[in-house]
Amino acid sequence: MENFFSVNDVEDVQELLKKAMEVKKNPLANATLGKHKTLGLIFYNSSLRTRISSQKAAFNLGMDVITLNIGSDGWQLESKDGAIMDQGTAEHIKEAAAVISTYVDVLGIRCFAGLEDRETDYNEEVLQNFIKHATVPIVNLESSTLHPLQSLADLVTIETHKKKDRPKVVLTWAPHPRALPQAVSNSFAEWMKKADVELVITNPEGYDLAPQFTEGVTVEHDQKKAFEGADFVYAKNWSSYDSYGQILSANPSWTIDADKMAVTNDAKFMHCLPVRRNVVVADEVIDSENSVVIEQAGNRVVSIQTVLQEFLKK
Amino acid sequence: MENFFSVNDVEDVQELLKKAMEVKKNPLANATLGKHKTLGLIFYNSSLRTRISSQKAAFNLGMDVITLNIGSDGWQLESKDGAIMDQGTAEHIKEAAAVISTYVDVLGIRCFAGLEDRETDYNEEVLQNFIKHATVPIVNLESSTLHPLQSLADLVTIETHKKKDRPKVVLTWAPHPRALPQAVSNSFAEWMKKADVELVITNPEGYDLAPQFTEGVTVEHDQKKAFEGADFVYAKNWSSYDSYGQILSANPSWTIDADKMAVTNDAKFMHCLPVRRNVVVADEVIDSENSVVIEQAGNRVVSIQTVLQEFLKK
Amino acid sequence: MENFFSVNDVEDVQELLKKAMEVKKNPLANATLGKHKTLGLIFYNSSLRTRISSQKAAFNLGMDVITLNIGSDGWQLESKDGAIMDQGTAEHIKEAAAVISTYVDVLGIRCFAGLEDRETDYNEEVLQNFIKHATVPIVNLESSTLHPLQSLADLVTIETHKKKDRPKVVLTWAPHPRALPQAVSNSFAEWMKKADVELVITNPEGYDLAPQFTEGVTVEHDQKKAFEGADFVYAKNWSSYDSYGQILSANPSWTIDADKMAVTNDAKFMHCLPVRRNVVVADEVIDSENSVVIEQAGNRVVSIQTVLQEFLKK
């Protein structure tokens, strides 16, 4: 594994999951592995879980951590090759990536989708440029179209709570007042396809994810039908991929409530957080005993620590 | 002690003071007590002393530290139960508190008063919600109405400099161009009531603190009379409690100057800082040998380190 | 060395360079020297290299680090003596410097020039006030008129790459869309004067640096002539010192390109970064094998680590 940009960087997902379960069991087993190693964390966007869990994971490995809010701590970076930089950007990613590589041993980057131009977002210019110009491993802390650390944490959560070998996992769209990226959902789909689960995605018409992520997956536009017999219900809003970045309708009928959960196989409720209560999910569901969202967020330490360990052991 | 929200969480103030004096004498006596433990610090508001002294105290105990500026690093948190979160808040304190509890071992939170609605501020919704939903100890880094870490540092300062068993301590209102919370003054009153001092509070009419804090305390509206024979003069501005959050008058006559200090018993001058020079206090007083404001600020490391130790030793 | 404000704080530049080359060779040679010591870093302005390299250097020495963005994390500081602080500044540097000195062992400060009033900037009020009121060593992380950590890193870079005892080093002005301070250039001039190099400065008419920095140095207004036989070309924009803070003309003809580099003695290309590509320097030069800008930035860890070591060893 040279970088951790997407599931495609992982040679063997089952093997990585096994390592993650070990990390979960004994988080301090490699407490000096990262001695005199530094984790850099660059944020183009806000963060709570990612920011804190990444630092915690580094501490568990004995690493030092440096965080940088690009734009407020620093300045805007240019990502176009050959740009004549006489406008707003003060530094090219070429220099930033190469320089930071001389200061840190692993570099995590968060950069959300702009949701204005689909091609721009799906080209993943920022992360790909860092990967191209950095000389240390790059970890995706949520890019325009992917959030693999979340997916690995989700996989750990499912592994912990599954009651059968091949559980039915339903990823369901849910309403939200603001237009959100497809990153969490895209990643979840591509990780679940490599896991031992039966994946069903349910969303209203017009909200189908990009075909490269849903290929071979059952997409069901009837939410209740999708929920039948589900072992895990994963709720998440995303804006339209077809009408890119748009909110097509408020669809309050897609909010996850107890009635919908009733047709499942006593499913665990999952969400990556932050979650809009009583918009995405009713209090009665997220506050129920079947909700595993807090443990799921706790597994974010596990997922990044597992990835960091891989890089440190190389 | 389960949390450190107010003096009422402290079983024995004298005992805690004794421990604090030990920390002051030997700050590195427990340099490995916090190994593999993490202190989380969440700031809704600006901070200089609290931010730096809390980190220093954690380092003295061998703890790791993670800071988060909620709102800029993260996003706005909802604190109302049952809210339909389709507006500005992106995450409920329920999730934030529970999730962060899985990442850190002790969690400090700073959230100032809004000074718009007295009931809202005095309900302490933010801190109380964190206490309710967190599963780790919560430390008050200054809330709407209280600043107990400051008060404990003040107590250490008085203990260090007192020349008699029961010194006269005068908390005096002073002018300020902006409306400030009552938190430092409220806390100081409730801590001094449990300490071995004679407490007198002096402020202009209309600036009396909330009765629950001044019960049993001499409140004197003649500043000079209050200063007579004082061993310690503690200056602090606060906005009106009765005309909530208002500045009733500029009252430049209440500025602490050498003339006023002359009627004291060679009193030490105290202030929690930051202080507006030549508004709250004249240069001649804060720059005098009797000023202990720098040492008092230094004792902020002592107070939070003492509190952290209590939680780590449990 | 009591502080590290300018080259004049350094007793023996050659001796310091020798120590820096040792740090470069073996960065972990003093990995426990800073145990239980804390580095404070205060930023009035944005930073990428300085922020990250300073933390990395501290980690290499086993120090803890606390960073503070004054103004957003904290509040505005007053620097005038005797000020009646009833306006925008909430705390005087007197208190801030003295208080922070009780929390940290070495304090770095970055505060750029305002470029509005030359006397104000060249008085270096902020840094000088910190030096006056702090009780710990102050490190200049780039002040209004100086950037000595950059210059020491530059000196290390030249020492590493020089092919003759006394190389010809050309500091050349280059165009830039925004008005920039003279700090990097001033410092570079005063450090090179104490190093074993032949220094030539080239800039358009009207852009001569302050005479106290260029005294004894060849200033050449014909860029190409200056480049002849150069072993090192150091590009940097600065706004006018005479017409203070002004951009006199765009001067695109001063951009460093391959044609200009062709008349040098196979010169190494240097820049302190961030750099505006194809404005300050053409891609063909900064991407060439002779460009040492990334290594130069990497030497920023070396320079601050060398300085920190000096203070820790005292």
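## Structural notes on the overall build of chain A
Scanning chain A from N- to C-terminus turns up 12 helices and 11 strands. For a compact globule of 314 residues, the expected C-alpha radius of gyration is about 20 Å, and chain A comes in at 19 Å, within 12% of that figure. Its C-alpha atoms give chain A principal-axis dimensions of roughly 55 × 45 × 35 Å. Counting only residues that meet the buried cut, chain A has 57% of its 314 residues in that class. A separation threshold of at least 6 residues defines the contact pool for chain A, and within that pool the share at least 24 residues apart is 77%.

## What about the relation of the copies chain C and chain B?
Of the transformation placing chain C onto chain B, the axial shift is 0.0 Å and the rotation is 120 degrees, giving an RMSD of 0.0 Å. The symmetry that links the two subunits is that of a three-fold axis.

## Concerning the interface of chain A and chain B
Each side of the interface is counted separately: chain A has 27 residues, and chain B has 24 residues. Put simply, the parts of the chain that give the side of chain A that touches chain B at least two residues each are helix H2 (49–60) and helix H12 (293–313) of chain A. With 7 residues, H2 of chain A is the single largest residue contributor to the side of chain A that touches chain B. Of the residues that constitute the side of chain A that touches chain B, the class distribution is 14 nonpolar, 7 polar and 6 charged.

## Details of the environment of Val126 of chain C
Structurally, Val126 of chain C can be placed in helix H5 (residues 125–133). Each residue touching Val126 of chain C, except ones within four places of it in the same chain, is listed here: Ser79 and Cys111 of chain C.

## What to know about the domain arrangement of chain A
Residue and element names in this part refer to chain A. Domains assigned within chain A are domain 1 (7–146 + 298–313) and domain 2 (150–297). The centre of domain 1, based on its C-alpha atoms, is set 25 Å off from the matching centre of domain 2. Contacts between domain 1 and domain 2 engage 23 residues on the former and 24 residues on the latter. For the side of domain 1 that touches domain 2, the leading source of residues is H12, giving 6 residues. For the side of domain 1 that touches domain 2, the per-class residue count stands at 10 nonpolar, 7 polar and 6 charged.

## Things to note about the interface of chain C and chain B
Between chain C and chain B, the contact holds 24 residues from the first and 27 residues from the second. Those elements giving two or more residues to the side of chain C that touches chain B turn out to be strand S1 (38–43), strand S2 (64–69), strand S4 (91–92) and helix H3 (93–103) of chain C. The dominant element in the side of chain C that touches chain B, judged by the number of residues it contributes, is H3 of chain C, at 7 residues. The residue makeup of the side of chain C that touches chain B, split by class, is 12 nonpolar, 7 polar and 5 charged.

## A closer look at the sheet that holds strand S11 (residues 268–270) of chain A
Hydrogen bonds between backbone atoms are what pair the strands of a sheet, whose relative direction is either parallel or antiparallel. Residue and element names in this part refer to chain A. The 5 strands are arranged S9-S8-S7-S10-S11 in an open sheet whose pairing can be described as parallel. Of all strands in the sheet, those with a lone pairing partner are strand S9 (218–220) and S11, marking the two edges. Direction aside, the axes of adjacent strands within the sheet are offset by 25 degrees on average. Taken together, the 3 bridges between strand S10 (residues 232–236) and S11 define a ladder with parallel strand orientation. Pairing of Val233 across the sheet is with Phe269, part of S11. In the packing of helix H7 (residues 183–192) onto the sheet, contacts are made with strand S7 (168–173), strand S8 (198–202) and S10, and the angle to S7 comes to roughly 165 degrees.

## A short note on the nonpolar core
Across soluble globular proteins, you tend to see nonpolar side chains buried next to one another. By size, the foremost hydrophobic cluster in this structure holds 306 residues, and its most contacted members are Val233 of chain A, Val233 of chain B together with Val233 of chain C. Leaving out residues up to four positions away in the same chain, Val233 of chain A has contacts with Val170, Thr172, Phe227, Ile256, Met261, Thr264, Ala267, Phe269 and Met270 of chain A.

## Here we look at helix H12 (residues 293–313) of chain C
For H12 of chain C, which comprises 21 residues, the first-to-last C-alpha distance of 31 Å matches the rise-based estimate of 30 Å (1.5 Å per residue) to within 8%. Within H12 of chain C, 16 of the 21 residues are buried, which leaves the element mostly enclosed by the surrounding structure.

## With respect to the confidence of the model for chain A
Residue-level pLDDT values for chain A average 96, and 100% of them are 70 or greater. In the predicted assembly, ipTM is 0.96 and pTM is 0.97.

## Side note on helix H5 (residues 125–133) of chain B
Residues of H5 of chain B that are buried include every one of Val126, Leu127, Asn129 and Phe130 of chain B, and no others. The arc that holds every buried residue of H5 of chain B, seen down its axis, measures 165 degrees, which confines them to one face.

## Considerations on the sheet that holds strand S5 (residues 106–110) of chain A
All names here are of chain A. Here 4 strands make up an open sheet; going across it, the order is S2-S1-S5-S6 and the pairing parallel. Sheet topology places strand S2 (64–69) and strand S6 (138–140) at the edges, where each strand pairs with a single neighbour. If you compare each strand with its neighbour and ignore which way they point, the axes differ by 20 degrees on average. Where strand S1 (residues 38–43) and S5 come together, 5 bridges link them in parallel fashion. Along S5, the bridge assignment pairs Ile42 with Ile109. Along the sheet, H2 makes contact with S1, S2 and S5, crossing S1 at roughly 175 degrees.

## Focus: unusual backbone geometry
A cis amide bond links Leu273 of chain A to the next residue, Pro274 of chain A, at an omega of 0 degrees. Relative to the elements of secondary structure, Pro274 of chain A occurs in the loop between S11 and helix H11 (283–286). One non-glycine residue, Leu273 of chain C, adopts positive backbone phi at about 65 degrees. Looking at the element boundaries, Leu273 of chain C is found in the loop between strand S11 (268–270) and helix H11 (283–286). Note on Leu273 of chain C: 21 C-beta atoms within 10 Å, which makes it buried.

## Some thoughts on the pairing of S7 of chain A
Residues and elements named next belong to chain A. For S7, a buried count of 6 out of 6 residues is recorded, marking the element as mostly surrounded by other parts of the structure. Pairing analysis gives 5 bridges linking S7 to S8, with the strands arranged parallel. Looking at S8, one finds that Leu171 is bridged to Ile201. For the segment spanning S7, H7 and S8, crossover handedness is right-handed. Bridge analysis of S7 against S10 gives 5 bridges, and the strand direction is parallel. Within S10, the residue paired with Val170 across the bridge is Val233.

## Observations concerning the pairing of strand S2 (residues 64–69) of chain B
In summary, the side chains of a regular strand alternate between the two faces of the sheet. Residue and element names in this part refer to chain B. Extensive coverage of S2 is indicated by the burial of 6 of its 6 residues. Covered by surrounding structure in S2 are Asp64, Ile66 and Leu68 together with Val65, Thr67 and Asn69, the residues of both alternating faces. Taken together, the 6 bridges between strand S1 (residues 38–43) and S2 define a ladder with parallel strand orientation. Residue pairing in the sheet places Gly40 in a bridge with Ile66 of S2. Since S1 and S2 lie parallel, the crossover through helix H2 (residues 49–60) that links them has a hand, and here it is right-handed.

The rules behind the values
Residues numbered from 1 in each chain as written. Chains lettered and ligands numbered in written order. Predicted model: local features only at pLDDT ≥ 70, side-chain atom pairs only at ≥ 80, totals over all residues. Helix = DSSP H or I, 4+ residues; strand = E, 2+ residues; numbered from the N terminus. Rg over C-alpha atoms; globule rule 2.2 N^0.38 Å. Buried ≥ 20, exposed ≤ 12 C-beta atoms within 10 Å, placed from the backbone. Contact = placed C-beta atoms within 7 Å. Least-squares fit on C-alpha atoms with pLDDT ≥ 70 in both. Nonpolar A, V, L, I, M, F, W, Y, C, P; charged D, E, K, R; others polar. Domains from an automatic or database assignment. Pairing = 2+ DSSP bridges. Axes fitted to C-alpha atoms, helices over the stretch in contact; angles between N-to-C directions. Core = buried A, V, L, I, M, F, W, Y, C linked by C-beta atoms within 7 Å. Expected span 1.5 Å × (residues − 1). pLDDT = per-residue confidence, 0-100. Arc of directions from axis to C-beta. Right-handed = clockwise from strand over helix to strand, strands pointing away.

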